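# An overview of the molecular structure
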Amino acid sequence: MTAADMERLDTPLAALIAEVDALAARKRALFAAGLLAEERHQCDPTDNLFAQLACPHPEACSTSADYPGFEAWIAQQQNLNTAARRNR
């Protein structure tokens, strides 16, 4: 590859800086949009209604009796997880 070939492939520094600036601006805009969406969610006037959906219908909610042995299995998995983290 010759110097002339490299010149055709090389990107001017100003173009790279502009591209990085554009990417950074896009990242800031997406982050700001995410923060605004989370803020709107926190102020959602119907959020409490959503949280209460299962309350008026306890027959639709599952209980431990619906999944025999699940609590013991979960406890075992948590113990294995704790042991694995201690042995790192």
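Cut-offs applied
Residues numbered from 1 in each chain as written. Predicted model: local features only at pLDDT ≥ 70, side-chain atom pairs only at ≥ 80, totals over all residues. Heavy atoms only, no water. Phe/Tyr/Trp six-rings, centres within 6.5 Å; stacked < 30°, edge-to-face > 60°. Buried < 20%, exposed > 50% of the residue type's maximum accessible area, 1.4 Å probe, protein only. pLDDT = per-residue confidence, 0-100. Helix = DSSP H or I, 4+ residues; strand = E, 2+ residues; numbered from the N terminus.

## Some words on the packing of aromatic side chains
Within the structure shown, the criterion is met by two aromatic pairs. Taking the centre distance of 6.4 Å and the plane angle of 55° together, the rings of Tyr67 and Phe70 count as tilted. By relative accessible area, which is 43% here, Phe70 ends up partly exposed. Joined through ring pairs, the aromatic side chains of Tyr67, Phe70 and Trp73 make up one cluster.

## Here we look at the confidence of the model for the chain
Of the residues in the chain, 93% reach a pLDDT of 70 or more, and the chain-wide mean stands at 85. Within the chain, no element has a lower average pLDDT than helix H1 (residues 3-9), which sits at 70, and none a higher one than helix H4 (residues 70-86), at 94.

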